[in-house]
Amino acid sequence: MRRDDLVILRPEGMYCPRGDFYIDPWRGVDCAVLTHGHADHARSGSVRYHAAESGLGLLQHRLGASAHIVGHGYGETFVLGDARVSLHSAGHILGSSQVRIEVDGEVWVVTGDFKRDADPTCTPFDVVRCDTLITEATFGLPCYRWPAMHEVVDEVLDWWDQCAREHVPAVMFCYALGKAQRLLAELAERVDRTVFLHGAMTPLVERYRDANIRMLPGEPVGDSKRARDFSGELILAPPSAAGSPWMRRFNSASTAFASGWMQIRGNRRRRGYDRGFVVSDHSDWPGLIRTVEESGARRVLATHGSTDSLVRYLNDRGVVAAALKTEFGGDDS
Amino acid sequence: MRAFAALYARLDQSTGTSDKVAALVDYFQAAPADDAAWAVHWLTGGRIKRLVRANDLRQWLIDVSALPDWLIDDTYAHVGDLAETITLLTQRHPTAAQPELSLAGFVAHELLPLAKLPPDAQGAIVQGWWRTFADRERFVVNKLLTGGLRVGVSRLLVVQALARLSGQAGDLISHRLSGDFQPTAQAFQQLVAPGEVAIDADKPYPFFLASPLEQAPESLGPAGDWLAEWKWDGIRAQLIVRDGVRLWSRGEERLDGRFPEIERAAAALPNGHVLDGEILGWEGDAPLPFSRLQKRIGRLKPGARTLAECPVVFMAYDLIEAAGKDLRQQPLRERRERLEGLLDGATLRLSRPVDGADWSGLQIARNNARELGVEGLILKRWNSAYATGRRRGDWWKWKIAPLTIDAVLIYAQAGHGRRSNLYTDYTFALWQGDELVPVAKAYSGLNDEEIAKLDRWIRAHTLERFGPVRSVQAFHVFELAFEGVNRSSRHKSGIAVRFPRILRWRTDKPFHEADRLETLAKLAQ
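The structure presented is a predicted model; accordingly, all values stated were derived computationally and were not measured.

Criteria and thresholds
- Residues numbered from 1 in each chain as written.
- Chains lettered and ligands numbered in written order.
- Predicted model: local features only at pLDDT ≥ 70, side-chain atom pairs only at ≥ 80, totals over all residues.
- Heavy atoms only, no water.
- Helix = DSSP H or I, 4+ residues; strand = E, 2+ residues; numbered from the N terminus.
- Buried < 20%, exposed > 50% of the residue type's maximum accessible area, 1.4 Å probe, protein only.
- Contact = heavy atoms within 4.5 Å.
- Areas by Shrake-Rupley, 256 points an atom, 1.4 Å probe, with all protein chains shown as cover.
- Lys, Arg positive; Asp, Glu negative; His and termini not counted.
- Charge placed at Lys NZ, Arg CZ, Asp CG, Glu CD.
- Expected span 1.5 Å × (residues − 1).
- Domains from an automatic or database assignment.
- Buried area = accessible area lost by both parts, 1.4 Å probe.
- Salt bridge = Lys/Arg side-chain N within 4 Å of Asp/Glu carboxyl O.
- Nonpolar A, V, L, I, M, F, W, Y, C, P; charged D, E, K, R; others polar.
- Polar contact = N/O pair within 3.5 Å; in protein donor to acceptor, adjacent residues only side chain to side chain.
- Pairing = 2+ DSSP bridges.
- Core = buried A, V, L, I, M, F, W, Y, C linked by side-chain atoms within 4.5 Å.
- Phe/Tyr/Trp six-rings, centres within 6.5 Å; stacked < 30°, edge-to-face > 60°.
- Axes fitted to C-alpha atoms, helices over the stretch in contact; angles between N-to-C directions.

Focus: the overall build of chain B
Link 1 in the chain: Tallying secondary structure elements over chain B gives 20 helices and 20 strands in all.
Link 2 in the chain: Each principal axis of the C-alpha atoms in chain B carries an extent, and together these give about 75 × 70 × 50 Å.
Link 3 in the chain: For chain B, the residues scored as buried account for 54% of the 525 residues in total.
Link 4 in the chain: In chain B, 70% of the contacts between residues at least 6 apart in sequence involve partners at least 24 apart.
Link 5 in the chain: Working note: accessible area of chain B is about 24,000 Å², and carbon and sulfur atoms make up 50% of it.
Link 6 in the chain: Where the 68 positive side-chain charges of chain B centre and where its 65 negative ones centre are 1 Å apart.

In structure tokens:
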């Protein structure tokens, strides 16, 4: 880190000294700018939050109704201390943002989590020119190159059909915020059937419906009678439900996991799912490289994921790059 | 290629054995016999001679992907499988015509001829495949280029599928498949043919394998119903005398030429006899440690010095065929009686019954196993048939408790396949003075939860990286079990342990209290 950096690391999280605010802090602070509503980025305990208007419903759900959150439209500039701050679509989940910080003509952008692929549940990634880019690197290796979504949806539909033919339930594990809604929205463009949802997902799906995102109808599993036969039905559940007593309702189910990690066979086989579908709400390798290029940044800091490889690759290509050790990440991919 | 790649994907996706068998049956039913023959070859672990050098493959990949070499290596370390890494780093050219080749056609006309070409010509062809084959096919092609196809299908599943397809008994299919299976249409047709098919004189019978005894031996009934033998620690083998002598290992590899003493002695046996036994290094009245025998396995034509350093014997267990007649359905007692009369008692020896009037007598005998250089007892029901594979009930191995030490984790490396991008290959050390000296590598013994926990710890406590290997802070102690200890000049510690594995994670033990190298050295033979 350098003395005049617009963003530095503090024990509480990424901090902008000139604006006196934090970005996605992992401890309670006075002023926090949030990139999106995933648990490792949006933590409770801060006095005041700034976030994208389109994500307010989710954040209020996550942080509680009493949390004080100021909503901003994408591209709208607001002033914090000496800094002019604006939020720009990150294409990660509903209401996800990159944070642009400008002080004395110097521009930094913090991408938060982002992806470059189209997603019917959120606005597309917005390229923002900057001097310094702080990027995520969850999938910072070239083996991560996402297949076209329509191909993945084909595979999901084939699997669902196969489960119907074999009279077994199709249980798809996926993260409750973002992934589940994206699957429901992608499927809505192809079929018209009801999908069953784990209880942890229903309130989040509701927030997406509030935002007028078109998705397949979902019915909470808990609303069904005990003895209901789920053969041939698609059920979405968070990964934590795998192996739990909740799964007993779906005897002999075929299981699947939707995640970018499913790109690697070993990951899928290790987790013991029958099927793995490559669906990620993060950028793949080509997306990371393209984003760095398009941002025009001369300096790049990589936060979480395979930062080492990305940093070395960029350095080799003449971009000054380094790793920034944050507490983001975990498995929300 | 397309049908075979689809089979591979289907096998890879299914977790249940019945799904896998169904996938195999579907494929074998639809495939032409020469394709099916190659599928059997690959899926039962068959390989072909290496066609291209791994280093050349890496260079071609660097050229095609336009990525720096270190990034290819990082990616390979992360993915844990070379064929998969190549598949993920290459892409079919969208306008390329997809080749429509049969599996057998591709192997015969494209793959095998690579061997005769210089590396540059090979590179052009292989890079062409990367441009034209779609993901699934490309993965299979890369698998064939890098060795074999392991897809969680055991030989047994292939046998079950072929049995279902042909309506023949699984044991018969196993027998037809044993030994050298040549992947030709004719061989496949013979494999699934109805009725009697003359079995090639070269072919071994499928081995009958003992299962580990987990219950108390008393539960097996009266000790008198059982033959107890030492569990010799050598190479399980089948000695076939049918117009000449052939020697097969349990892994169904031909050992001909490696043990001329045994072949010479066997030449005196009457024709049409097949013996099951163990090849052992032997001196005077006792077996030599396995490490001595190991040096002979690789020697195709051992010289006089090698022969003198580790003389061998064939310790006979069973007689499977006599005068051209298959004896497998006869009771063990009768087979053994006929066996005894055949042996010269010098190079061909009988694995003698271990005396013990009852189970407690055998238990006492078993306690001496380690001093005798054996691994415990094998129990065989006197009236048992010679079955196929590891079938529980009539043959048991009753091993002695392993030796154990408490060692410190010092290095870790990411595993392969199911364990790719998890640190699961561990190196352990013992104290010598105030230095930790590596003594063993172990891969198994922890459950998934422990593996994940240790993986996180390793990543957070790495001291240095040497390529794919990380050295970690000395902290965690593990109890290791192993079958034997030998002196070894090849190891820094001067000691080699046999079959090391992790027994448990000693979270209760501080690392400075781990065992010392001297303790292990005292156990060495």
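Considering helix 4 (residues 54–65) of chain B
Since the α-helix advances by 3.6 residues per turn, residues separated by three or four positions end up pointing in the same direction.
Residues and elements named next belong to chain B.
Link 1 in the chain: With 12 residues, helix 4 extends 16 Å from end C-alpha to end C-alpha; this agrees with the ideal 16 Å at 1.5 Å per step.
Link 2 in the chain: Looking at the packing, one finds that the buried side of helix 4 touches helix 5 (69–79), helix 6 (82–89), helix 8 (119–132) and helix 9 (135–146).
Link 3 in the chain: Directly after helix 4, the chain includes A66, whose backbone phi takes a positive value near 60 degrees.

What to know about the domain arrangement of chain B
Note: interface size is frequently given as the accessible area lost on complex formation between the parts.
Residues and elements named next belong to chain B.
Link 1 in the chain: Along its sequence, chain B is carved into domain 1 (2–146), domain 2 (211–399) and domain 3 (403–523).
Link 2 in the chain: Relative placement of domain 1 and domain 3: their C-alpha centres are 35 Å apart.
Link 3 in the chain: When domain 1 packs against domain 3, the two sides together hide about 360 Å² of surface, and 47% of this comes from carbon and sulfur.
Link 4 in the chain: Interface area lost by domain 1 to domain 3 is led by A77, H78 and G80, which between them contribute 77%.
Link 5 in the chain: Counting across the interface, domain 1 meets domain 3 through zero salt bridges.
Link 6 in the chain: Here the side of domain 1 that touches domain 3 is composed, by residue class, of three nonpolar, two polar and no charged.

Here we look at the domain arrangement of chain A
Residue and element names in this part refer to chain A.
Link 1 in the chain: Here chain A is described as being made up of domain 1 (8–143 + 281–323) and domain 2 (149–277).
Link 2 in the chain: Here domain 1 and domain 2 have C-alpha centroids that lie 29 Å from each other.
Link 3 in the chain: Counting residues at the interface gives 18 residues for domain 1, matched by 18 residues for domain 2.
Link 4 in the chain: Carbon and sulfur atoms make up 69% of the area that domain 1 and domain 2 hide from each other, which totals about 1,500 Å².
Link 5 in the chain: Looking at the side of domain 1 facing domain 2, the largest losses of area belong to L58, P120 and T121, adding up to 31% of the total buried there.
Link 6 in the chain: Linking domain 1 with domain 2 are one salt bridge.
Link 7 in the chain: With its nearest N and O atoms 3.8 Å apart, the salt bridge here joins R182 to D119.
Link 8 in the chain: One can count four residue pairs in polar contact (both at pLDDT 80 or more) joining domain 1 with domain 2.
Link 9 in the chain: For the side of domain 1 that touches domain 2, the per-class residue count stands at seven nonpolar, six polar and five charged.

Quick notes on the pairing of strand 17 (residues 477–482) of chain B
Within a regular strand, side chains alternate between the sheet's two faces.
Residue and element names in this part refer to chain B.
Link 1 in the chain: For strand 17, the buried fraction is high: six of the six residues fall into the buried class.
Link 2 in the chain: What you see with strand 17 is no split at all: V477, E479 and A481 on one side and F478, L480 and F482 on the other are buried throughout.
Link 3 in the chain: Where strand 12 (residues 403–414) lies against strand 17, six bridges are found, and the strand directions are antiparallel. Looking at the pairing, T404 lines up with A481 of strand 17.

Observations concerning the nonpolar core
Looking at soluble globular proteins, one finds that nonpolar side chains tend to be buried together.
Link 1 in the chain: In this structure, L24(B), F28(B) and F188(B) are the most contacted members of the largest nonpolar core, which totals 109 residues.
Link 2 in the chain: When residues of this core are assigned to their parent elements, the largest contribution, eight residues, is made by helix 3 (residues 33–43) of chain B.
Link 3 in the chain: What L24(B) contacts, discounting residues up to four positions off in sequence, is L7(B), L11(B), L43(B), V153(B), L157(B), V158(B) and A161(B).
Link 4 in the chain: In this structure, M149(A), V156(A), Y208(A) and L236(A) belong to the second largest nonpolar core, which totals 38 residues.

A short note on the interface of chain B and chain A
Link 1 in the chain: Contacts between the two partners involve 29 residues from chain B and, on the opposite side, 24 residues from chain A.
Link 2 in the chain: Both faces combined, the contact of chain B with chain A buries some 2,300 Å², and carbon together with sulfur accounts for 48% of it.
Link 3 in the chain: Remark: the boundary between chain B and chain A carries three salt bridges.
Link 4 in the chain: Across the pair R268(A) and D12(B) runs a salt bridge, and its minimum N-O distance is 3.1 Å.
Link 5 in the chain: Across the chain B-chain A interface, the total number found is 10 residue pairs in polar contact (both at pLDDT 80 or more).
Link 6 in the chain: Ranked by the residues each element gives to the side of chain B that touches chain A, the list is headed by helix 5 of chain B, at six residues.

A word on the pattern of salt bridges
When their charged atoms lie close together, side chains carrying opposite charge are able to pair.
All names here are of chain B.
Link 1 in the chain: By the definition in use, this model includes 48 salt bridges over all chains.
Link 2 in the chain: The salt bridge involving R391 is made with D171; its shortest N-O contact spans 3.2 Å. Pair noted here: R391 is in the loop between strand 10 (376–381) and strand 11 (395–399) and D171 is in helix 11 (residues 170–177), with a separation of 220 residues, a long-range link.
Link 3 in the chain: Where D318 meets R335, a salt bridge forms, and the shortest distance between an N and an O atom there is 2.7 Å. Pair noted here: D318 is in strand 7 (residues 312–322) and R335 is in helix 16 (residues 332–340), with a separation of 17 residues, a long-range link.
Link 4 in the chain: On the accessibility criterion, R335 (0% relative accessible area) is buried.
Link 5 in the chain: Several salt bridges converge on common partners, so that one network encompasses D202, R246, R254 and D256.

Some details on the packing of aromatic side chains
Link 1 in the chain: The final tally for this structure, using the stated rule, is 32 aromatic pairs over all chains.
Link 2 in the chain: When the ring of W457(B) is compared with that of F475(B), the centres are 6.0 Å apart and the planes differ by 25 degrees; the resulting orientation is stacked. Remark: F475(B) occurs in the loop between strand 16 (469–472) and strand 17 and W457(B) occurs in helix 19 (residues 448–460); sequence separation between them is 18 residues.
Link 3 in the chain: Residue classification places W457(B) among the buried residues on the basis of a relative accessible area of 13%.
Link 4 in the chain: Clustering of aromatic rings is evident, with ring pairs tying together F139(A), Y144(A), W146(A) and W261(A).

A word on the pairing of strand 14 (residues 435–442) of chain B
Link 1 in the chain: Bridge count for strand 13 (residues 423–432) of chain B against strand 14 of chain B is seven bridges, and the pairing is antiparallel. Bridge pairing in strand 14 of chain B places Q432(B) opposite E435(B).

Side note on the sheet that holds strand 14 (residues 218–220) of chain A
Residue and element names in this part refer to chain A.
Link 1 in the chain: Strand order in this open sheet of six strands is 14-13-15-12-16-17, and the pairing throughout is parallel. Lying at the two open borders of the sheet, with one neighbouring strand each, are strand 14 and strand 17 (275–277). Direction aside, the axes of adjacent strands within the sheet are offset by 30 degrees on average.
Link 2 in the chain: Note that strand 13 (residues 195–197) and strand 14 share three bridges and pair parallel. Opposite L197, over in strand 14, you have P220 as the bridge partner.

Structural notes on unusual backbone geometry
Link 1 in the chain: Located in the positive-phi region is D20(A), a residue other than glycine, with phi close to 50 degrees.
Link 2 in the chain: Looking at where D20(A) falls in the secondary structure, it is placed in the loop between strand 2 (13–16) and strand 3 (21–23).
Link 3 in the chain: Phi is positive for A323(B), close to 45 degrees, though the residue is something other than glycine.
Link 4 in the chain: When you line up the elements, A323(B) lands in the loop between strand 7 and strand 8 (325–326).
Link 5 in the chain: Take A323(B): its relative accessible area is 62%, and that puts it in the exposed class.

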